[in-house]
Structures are given as C-alpha cells and as structure tokens.
Amino acid sequence: MKQNFAIIGLGRFGGSICRALIESGQEVLAIDSNEDRVNEYMNIATHAVLANAQDENVLRSLGVKNMDHAIVAIGEDIQASILVTLMLKELGVPYITAKAQNEYHGKVLEKIGADRVVHPERDMGKRIAHNLVSKNVLDY
Ligand code: ATP
C-alpha cells in the first residue's frame, strides 16, 4: 500500500532512505535547509523543499501532520533533531523514526516520543561483525 513519508535532512542517511522509498513506490516529501541537497533530490523525491524544519510554521504549511511517517535524519545538529522530533510529535504524526548521533541523543529522542530510534553507524558495525562471525562459522 502506498504511504506518505516526510524526510527531514537529506544527508547520506536521509538521502538513501528517500531513494529506497521512491524505488518502492512510496510518496516522499523531502525537506532540507541546504539548497544543494534540495536540488540533488528535486527530481528524485515526490516533492523536495528548501526549508528550516525547526520552524513550526514550515512544518504546518507543508502539511507534515498528514504524513503516515516522518523520518528525522538530522545528525550533527542534535538540538535541531530534538526540536523537530518534538514538533512532529506535537503535530500528531503517527510514526516518527529518528536518527541518533550517540547514546544520549538516542535516549532523549525516545523520551520525547520517537517511535523508532536508529543508530546507523553503531547498528551497521554490529551487523557487519555478526555477519563476519557467522560467515566464519559457515566457512568452518
Ligand atoms: P549523514 O550522516 O546522513 O550524511 P550529514 O553528516 O551530511 O548526514 P547532518 O548534519 O547529519 O549531515 O545533516 C543531515 C542533513 O540535515 C543535511 O543535509 C542538513 O542540511 C539537514 N539539516 C540540518 N538541520 C536542518 C534543519 N533545521 N532543517 C532542515 N534540514 C536540516
């Protein structure tokens, strides 16, 4: 079934989610405050918008509250990531996935109501380690 996603932040993480969702036929509203990033996704996302997601009026006017799912893919600016997650929650977005930069950031995101908190580097490191070990077991 087709769902509507909002992605805030088009770095490597948000950008690859955007591409994968579009490839699987979903609708994606992509928001970034960096013009180059928005231009890069103009012809990829369903809509790509140049805006500061920390501005609640921006989120309201883009109709983010009507999305099925929002992904907060801002990493470095932890304050922005927390504020945007909180505003999405208050707007009533049904499911919010947020990327954490570190364990403390992840805890705060969980506390303020992110439905799923992901730690991409940490989790990928674990997966690769498991994969290496299970490969060794299979090879043996
Ligand atoms: P990645 O690790 O995914 O490659 P990155 O290191 O390139 O990310 P981050 O600082 O994590 O960069 O930010 C990801 C994206 O979020 C950037 O493209 C940045 O412009 C965007 N971004 C940061 N703050 C905001 C904001 N307040 N509103 C909209 N976009 C933002």
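Coordinates for the structure precede this section.
Okay, so let's go over this structure. Everything numeric in this text was worked out from a predicted model, so none of it was measured.

1. Side note on the nonpolar core
- Of all hydrophobic cores here, the largest spans 26 residues; its most connected members are Leu-59, Val-64 and Leu-88.
- Those elements that provide at least two residues to this core are strand S1 (4-8), strand S2 (27-32), helix H3 (56-61), strand S4 (69-72), helix H4 (78-91) and strand S5 (96-99).
- Tallying contributions element by element places H4 first for this core, with five residues.
- Apart from the residues within four sequence positions on either side, Val-64 is in contact with Ala-6, Leu-29, Ile-31, Leu-59, Leu-88 and Val-93.
- Counting 14 residues, the second largest nonpolar core, distinct from the first, contains Ile-17, Leu-21, Tyr-41 and Ile-71.

2. Thoughts on the layout of surface pockets
- Empty space within the largest pocket amounts to approximately 570 Å³.
- Secondary-structure elements contributing two or more residues to the lining of the largest pocket are helix H1 (12-23), S2 and helix H6 (120-139).
- In terms of residue count, the dominant contributor to the lining of the largest pocket is H1 (four residues).
- Here the residues of the lining of the largest pocket are counted per class, giving ten nonpolar, nine polar and seven charged.
- Here the second largest pocket is characterised by a volume of approximately 260 Å³.
- Along the wall of the second largest pocket there are 14 residues; nearest its centre are Phe-13, Ile-17, Arg-116, Val-118 and Pro-120.
- The element that contributes the greatest number of residues to the lining of the second largest pocket is H6, accounting for four residues.
- Grouping the amino acids of the lining of the second largest pocket by side-chain chemistry returns eight nonpolar, three polar and three charged.

3. Some points on the side chain of His-105
- Mapped onto the elements of the fold, His-105 is located in helix H5 (residues 103-111).
- Contacts of His-105, omitting those with residues within four sequence positions, involve Gly-75, Ile-78, Ser-81, Ile-82, Lys-99 and Ala-100.

4. Some remarks on the site of the ligand
- Around the ligand, the surrounding shell holds 18 residues, and the nearest of these are Arg-12, Asp-32, Arg-37, Asn-52 and Gly-75.
- In this structure, an oxygen atom belonging to the ligand sits 2.9 Å away from a main-chain N or O atom of Phe-13.
- Between the ligand and the protein, one listed contact pairs an oxygen atom with a side-chain N or O atom of Asp-32 at 2.6 Å.
- In isolation the ligand exposes 630 Å². Once the protein is present, 85% of that is buried.
- The cavity that encloses the ligand is the largest pocket.
- For the shell around the ligand, the residue count by class is six nonpolar, seven polar and five charged.

5. Comments concerning the packing of H4 against H5
- With their axes 10 Å apart at the nearest point, H4 and H5 run at an angle of 15° to one another. Judged on the interaxial angle alone, H5 and H4 are roughly parallel. Relative to H5, the crossing made by H4 is right-handed. Residues Ile-78, Ser-81, Ile-82 and Thr-85 of H4 touch H5, and the partners they reach there are His-105, Val-108 and Leu-109.
- Per-class residue counts for the contact of H4 with H5 are four nonpolar, three polar and no charged.

Criteria and cut-off values
Within each chain, residues carry numbers counting from 1 in the order of the written sequence. Selection of residues for local features in this predicted model requires a pLDDT of at least 70, selection of side-chain atom pairs for listing and counting requires 80 or more, and totals for whole chains, interfaces and linings are taken over all residues. Side-chain measures were taken over the full set of non-hydrogen atoms in the model, leaving aside hydrogen atoms and water. Each nonpolar core is a collection of buried residues, namely Ala, Val, Leu, Ile, Met, Phe, Trp, Tyr and Cys, held together in the definition by side-chain atoms within 4.5 Å. For the exposure calls, accessible area comes from a 1.4 Å probe over protein chains only, and a residue counts as buried if that area is under 20% of its type's maximum, exposed if over 50%, partly exposed in between. Put simply, DSSP marks the helices as runs of H or I at least four residues long and the strands as runs of E at least two long, and each gets a number from the N terminus on. Note on contacts: a residue pair is in contact if any heavy atoms of the two residues lie within 4.5 Å. A pocket here means an open set of points on a 1 Å grid, computed over the protein atoms alone, that has protein on both sides within 12 Å along at least five of seven lines. A cavity is instead a set of points where a 1.4 Å probe fits but cannot get out; residues with an atom within 4 Å of a point line either one. Grid points are joined across faces, edges and corners, and a volume is the space filled by probe spheres set on the points. Residue polarity is assigned by list, with Asp, Glu, Lys and Arg as charged and Ala, Val, Leu, Ile, Met, Phe, Trp, Tyr, Cys and Pro as nonpolar; anything else, Gly included, falls into the polar class. Whether a residue is near a molecule or strand is decided by its heavy atoms; if any one of them lies within 4 Å of it, the residue is near. N or O atoms within 3.5 Å of each other form a polar contact, as long as, within protein, one can give a hydrogen and the other can take it, and as long as residues adjacent in sequence are counted only when both atoms are side-chain atoms. Residue exposure ignores everything except the shown protein chains as possible cover, and the areas themselves are Shrake-Rupley values with a 1.4 Å probe. Just a note on the criterion: a molecule sits in a pocket or cavity if more than half of its atoms are within 2 Å of the grid points. Between the N-to-C directions of two axes lies an angle of 0 to 180 degrees, each axis being a line fitted to C-alpha atoms and, for a helix, fitted only over the stretch in contact. Angles are sorted into four bins: roughly parallel if under 35 degrees, roughly antiparallel if over 145, roughly perpendicular if 65 to 115, and oblique for all others. A crossing counts as left-handed when the near helix is turned anticlockwise from the far one by less than a right angle, and as right-handed when that turn is clockwise.

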